[in-house]
Amino acid sequence: MKEMGAHQGMGGMDMKCCQSEEQKNEHMRSMQEHMLQMHDLSNQILSEKDAAKKEALKKQQLELMKAHHAQMMEHRQQKMQEHKK
């Protein structure tokens, strides 16, 4: 079975093929920003000694993850709708 890359949607369709270079760069910058936020929160969580503050940071990170997931699902739905046209 063929492994799917990070930018392949359901069915193995490569979403990069339909994007301009500018769109690809914008997407990569968005991914980078999300990763930096996640890493920053991870570092804060690991260094926090106060249990309540640590839990608050974990909750903040979880909310960021949920928001990112919702954004990805919305984008996937849009791409699927475009593909059906």
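The paragraphs below set out a description of the structure included in this document. (Residues numbered from 1 in each chain as written. Predicted model: local features only at pLDDT ≥ 70, side-chain atom pairs only at ≥ 80, totals over all residues. Heavy atoms only, no water.)

Right, let's get into the overall build of the protein. Each helix and strand counted, the protein has 2 helices and 0 strands in total. In the protein, which comprises 85 residues, the share counted as buried stands at 14%. On the protein, roughly 7200 Å² of surface is accessible, and the fraction owed to carbon and sulfur atoms is 55%. (Helix = DSSP H or I, 4+ residues; strand = E, 2+ residues; numbered from the N terminus. Buried < 20%, exposed > 50% of the residue type's maximum accessible area, 1.4 Å probe, protein only. Areas by Shrake-Rupley, 256 points an atom, 1.4 Å probe, with all protein chains shown as cover.)

All right, on to the pattern of salt bridges then. All told, the structure shown has 3 salt bridges when counted by the stated rule. Ionic pairing is found between glutamate 63 and lysine 66, a salt bridge with its closest N-O pair at 3.7 Å. Of this pair, glutamate 63 and lysine 66 are both found in helix 2 (residues 51–84), 3 residues apart, which corresponds to roughly one turn of the helix. Judged by relative accessible area, which is 40%, glutamate 63 ranks as partly exposed. Across the pair glutamate 82 and lysine 79 runs a salt bridge whose closest N-O atoms are separated by 3.8 Å. A residue pair is termed a helical-turn pair when its members lie 3 or 4 positions apart in one helix, as glutamate 82 and lysine 79 do in helix 2 at 3 residues. (Salt bridge = Lys/Arg side-chain N within 4 Å of Asp/Glu carboxyl O.)

A few words on helix 2. Taking 1.5 Å per residue, 34 residues should reach 50 Å; helix 2 reaches 49 Å between its end C-alpha atoms and fits that length. Where helix 2 is buried, its residues meet helix 1 (21–47). Put simply, aspartate 50 is the residue that caps the front of helix 2, since its side-chain oxygen is 3.2 Å from the backbone nitrogen of alanine 52. (Expected span 1.5 Å × (residues − 1). Contact = heavy atoms within 4.5 Å. Polar contact = N/O pair within 3.5 Å; in protein donor to acceptor, adjacent residues only side chain to side chain.)

Let's shift gears to helix 1. Owing to its 3.6 residues per turn, the α-helix brings residues three or four apart onto one side. Over its 27 residues, helix 1 extends 39 Å from the first C-alpha to the last, a length consistent with the 39 Å expected when each residue adds 1.5 Å. Among the residues of helix 1, His34, Met38, Leu41 and Ile45 are the ones counted as buried. Buried-residue contacts for helix 1 involve helix 2.

Attention shifts here to the side chain of glutamine 61. Examined against the element boundaries, glutamine 61 turns out to sit in helix 2. In contact with glutamine 61, not counting residues within four places along its chain, are Met38, Leu41, Ser42 and Ile45.

Next up on the list: the packing of helix 1 against helix 2. At a minimum axis separation of 9 Å, helix 1 and helix 2 run at an interaxial angle of 165°. With respect to each other, helix 1 and helix 2 are oriented roughly antiparallel. The chirality of how helix 1 crosses helix 2 is left-handed. Mapping the contact onto sequence places His34, Gln37, Met38, Leu41, Ser42, Gln44, Ile45 and Leu46 in helix 1 and Lys54, Leu57, Lys58, Gln60, Gln61, Leu64, Met65 and His68 in helix 2. Partitioning the contact of helix 1 with helix 2 into residue classes produces 7 nonpolar, 7 polar and 2 charged. (Axes fitted to C-alpha atoms, helices over the stretch in contact; angles between N-to-C directions. Parallel < 35°, antiparallel > 145°, perpendicular 65-115°, else oblique. Left-handed = near helix turned anticlockwise from the far one by under 90°. Nonpolar A, V, L, I, M, F, W, Y, C, P; charged D, E, K, R; others polar.)

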